[in-house]
Amino acid sequence: MAARSIPRQIPQLPPAPTPPKQNFEGHARAIRDFVFLHDNIHIVTGSEDGTMRKWNYDTGLLVGKPWSGEGGSIYTLVLSPDGKTIACGRADGSVQRWNTDGKMMLEGAWTGHSDWVRSLSWSPCGGHIASGSDDGTILIRRVKSGISEVGPIKTKQYRVCALAYSPSGNRIASGGWNTTICIWDSKTGELALGLIQDLGYEVTSVVWSSDGTKLYSASDKLARVFDSTSGALLHCFQHDDILYSIALSPAYNILVCVGDQGVVQLWDTESHQLLGQPSVQNRQILCCASFSRDGRYLACGGHDRTLAMWPVNDIASQLIAITKSPWGDHVADEGHNDSCDSFPWVTFVFIWHGTSTHDKYSL
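### Description of the overall build of the protein chain
In terms of regular secondary structure, the protein chain is built from one helix and 30 strands. Residues classed as buried in the protein chain amount to 57% of the 363 residues present. When contacts within the protein chain are restricted to residue pairs at least 6 apart in sequence, long-range pairs at least 24 apart make up 46% of them. For the protein chain, the accessible surface area stands at approximately 15,000 Å², while carbon and sulfur atoms represent 49% of it.

### A short note on the pairing of strand S15 (residues 181–185)
With four of five residues buried, S15 lies mostly within the body of the structure. Examined bridge by bridge, strand S14 (residues 171–176) and S15 share five bridges and lie antiparallel to one another. The residue of S15 that forms the bridge with Ser-174 is Cys-182. The hairpin formed by S14 and S15 contains four residues between the paired strands, and Thr-179 there has a positive phi angle of roughly 65°. In this structure, S15 lies alongside strand S16 (residues 191–196), joined through three bridges in antiparallel fashion. Each bridged residue has a counterpart across the sheet, and for Trp-184 the counterpart in S16 is Leu-191. Between the antiparallel neighbours S15 and S16 lie five residues, among them Gly-189 with a positive phi of about 80°.

### With respect to the side chain of Thr-137
Turning to its location among the elements, Thr-137 is positioned in strand S11 (residues 137–142). Among the polar contacts listed, one links the side chain of Thr-137 to the side chain of Asp-135, at a separation of 2.7 Å. If we ignore the near neighbours within four places in the chain, the residues touching Thr-137 are His-113, Ser-131, Gly-132, Pro-152, Ile-153 and Val-160.

### A look at the sheet that holds strand S19 (residues 222–227)
Spatially, the four strands line up as an open sheet ordered S17-S18-S19-S20, and their pairing is antiparallel. Edge positions in the open sheet fall to strand S17 (205–208) and strand S20 (233–238), since each of these has one partner strand only. Across the sheet, the mean angle separating the axes of adjacent strands is 20° when strand polarity is ignored. Pairing of S17 with strand S18 (residues 214–219) involves four bridges; the strand directions are antiparallel. In the sheet register, Val-207 faces S18, and the bridge partner there is Tyr-216.

### With respect to the nonpolar core
Among the nonpolar cores identified, the biggest contains 19 residues, and Val-256, Leu-266 and Leu-298 are the most heavily contacted of them. Where this core is concerned, the elements lending two or more residues are strand S22 (254–259), strand S23 (264–268), strand S25 (286–291), strand S26 (297–302), strand S27 (306–311) and helix H1 (312–315). Sequence-distant contacts of Leu-298, that is, excluding residues within four places in its chain, are made with Phe-36, Val-256, Leu-266, Pro-278, Ser-290, Phe-291, Ala-308, Met-309, Trp-310, Val-312 and Ile-315. Ala-164, Leu-199, Val-206 and Leu-222 belong to the second largest nonpolar core, which has 16 residues in total.

### Section: the packing of aromatic side chains
Per the stated rule, a full pass over the model turns up eight aromatic pairs. Ring geometry for Phe-237 against Trp-267: centres 5.3 Å apart, planes inclined by 50°, an arrangement best described as tilted. Pair noted here: Phe-237 is in strand S20 and Trp-267 is in strand S23, with a separation of 30 residues, a long-range link. Both residues of the pair, Phe-237 and Trp-267, belong to the buried class. Through pairs of rings, three or more aromatic residues link up here, namely Phe-34, Phe-36, Tyr-57 and Tyr-297.

### Considering the pairing of S18
Here is the key point about a regular strand: its side chains alternate between the two faces of the sheet. Counted residue by residue, S18 has five buried out of six residues, so it is predominantly covered. The hairpin formed by S17 and S18 contains five residues between the paired strands, and Gly-212 there has a positive phi angle of roughly 80°. With six bridges joining them, S18 and S19 adopt antiparallel strand pairing. Opposite Ser-219, over in S19, you have Leu-222 as the bridge partner. Between S18 and the antiparallel strand that follows it, S19, lie two residues; Asp-220 among them carries a positive phi value of about 45°.

### Here we look at the sheet that holds strand S2 (residues 31–36)
Read from one edge to the other, the open sheet built from four strands follows the order S2-S3-S4-S5, with strand pairing classed as antiparallel. The sheet is open, and its two edges are formed by S2 and strand S5 (67–68), each paired on a single side.

### Observations concerning the confidence of the model for the protein chain
Overall, the predicted model of the protein chain reaches an average pLDDT of 85, with 82% of residues at or above 70. When the criterion is pLDDT under 50, residues 3–11 qualifies, and its contacts beyond four places in sequence or with other chains add up to 16 contacts. Considering only residues more than four positions removed or in separate chains, one finds that residues 320–363, a stretch of pLDDT under 50, has 115 contacts.

### Points about the environment of Ser-279
Note that Ser-279 resides in the loop between strand S24 (274–276) and S25. The class of Ser-279 is partly exposed, set by a relative accessible area of 22%. In this structure the C-alpha to C-alpha distance between Ser-279 and Gly-262, which are 17 residues apart in sequence, comes to 8.2 Å.

### Things to note about unusual backbone geometry
Here the amide bond leading from Gly-151 into Pro-152 is cis, since omega sits at 10°, within 30 degrees of zero. For Pro-152, the location among the structural elements is in strand S12 (residues 148–154). A positive phi is found at Asp-198, a non-glycine position, where the angle reads about 60°. Positionally, Asp-198 belongs in the loop between S16 and S17.

### A look at the side chain of Asp-304
For Asp-304, the location among the structural elements is in the loop between S26 and S27. No salt bridge is formed by the buried Asp-304; the nearest opposite charge belongs to Arg-305, separated by 6.9 Å. There is a polar contact of 3.1 Å between the side chain of Asp-304 and the backbone nitrogen of Thr-306.

Cut-off values and rules
- Residues numbered from 1 in each chain as written.
- Predicted model: local features only at pLDDT ≥ 70, side-chain atom pairs only at ≥ 80, totals over all residues.
- Heavy atoms only, no water.
- Helix = DSSP H or I, 4+ residues; strand = E, 2+ residues; numbered from the N terminus.
- Buried < 20%, exposed > 50% of the residue type's maximum accessible area, 1.4 Å probe, protein only.
- Contact = heavy atoms within 4.5 Å.
- Areas by Shrake-Rupley, 256 points an atom, 1.4 Å probe, with all protein chains shown as cover.
- Pairing = 2+ DSSP bridges.
- Polar contact = N/O pair within 3.5 Å; in protein donor to acceptor, adjacent residues only side chain to side chain.
- Axes fitted to C-alpha atoms, helices over the stretch in contact; angles between N-to-C directions.
- Core = buried A, V, L, I, M, F, W, Y, C linked by side-chain atoms within 4.5 Å.
- Phe/Tyr/Trp six-rings, centres within 6.5 Å; stacked < 30°, edge-to-face > 60°.
- pLDDT = per-residue confidence, 0-100.
- Lys, Arg positive; Asp, Glu negative; His and termini not counted.
- Salt bridge = Lys/Arg side-chain N within 4 Å of Asp/Glu carboxyl O.

Structure below.
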């Protein structure tokens, strides 16, 4: 289905850009991805130089030595739901798993792709990892054995640039080089929704809303929001430059978009207002962005070989937590019948120019 056009609201510009709290420097080539660890102290970056590095984000210093491994450049990282394991995708088509102290799993690398592994997604309950490659396929492996249970899914997207499991685990969204989004049944590998197409440029990032009802994407100069059941386009966030990565805050109703010319913009996902524009050191391409698990920090990295990090409250100080409720509902990975823990629910309000919005998110 073709994405229909929606009138775009011209946002009011926020105050002057906010400089980062930390700049993590040391990689020899572009930083393609990174993960915030669950201890809320460390970040691990992955680079085209073939290494991963662990950083203390209070001090900005490197922890230990760079983690080196075979397989060439690293293009994607993903952290397991329990926070204990990091998977990386490499240029030789392999997937490796490391513990958070920099030791690679004894089982070694998983093979099966014939080209770069450009995207990874871990199932919400931890039992499976999906990998997307420049060979145009998706493999879904069981973590304990490394055996491919689903796939190769031949996507016809030429390159699978982005992957994301839905919160329930029963669907996987893939973004393709051919300007399309596919939503797959994670158990069968069949399409669960008609093709979302004509998105103007390769789809480099896809993210689900916490309740699974919406799917966000980055392609060309737009961050688009779709109804995940019908595929209908709900909203477009307009930017001046090409986007390469988006992320949703786990604690607030914030979408961050990064891309060409060092663009970094934060948006309120309910009012669609522009909240802030963090500043970066140069105008090079930014490849990746993410929030810390507690929602307090935002970081992004890219071609300048630097990861920049900001406290979110320095960018959008109007964010206020208002209530905290008891434990939320049980979430099941319907695609593979994994067992999930329950998650706490916290409700937040964002106050903007005298108005307020609120929503509920899982931490």
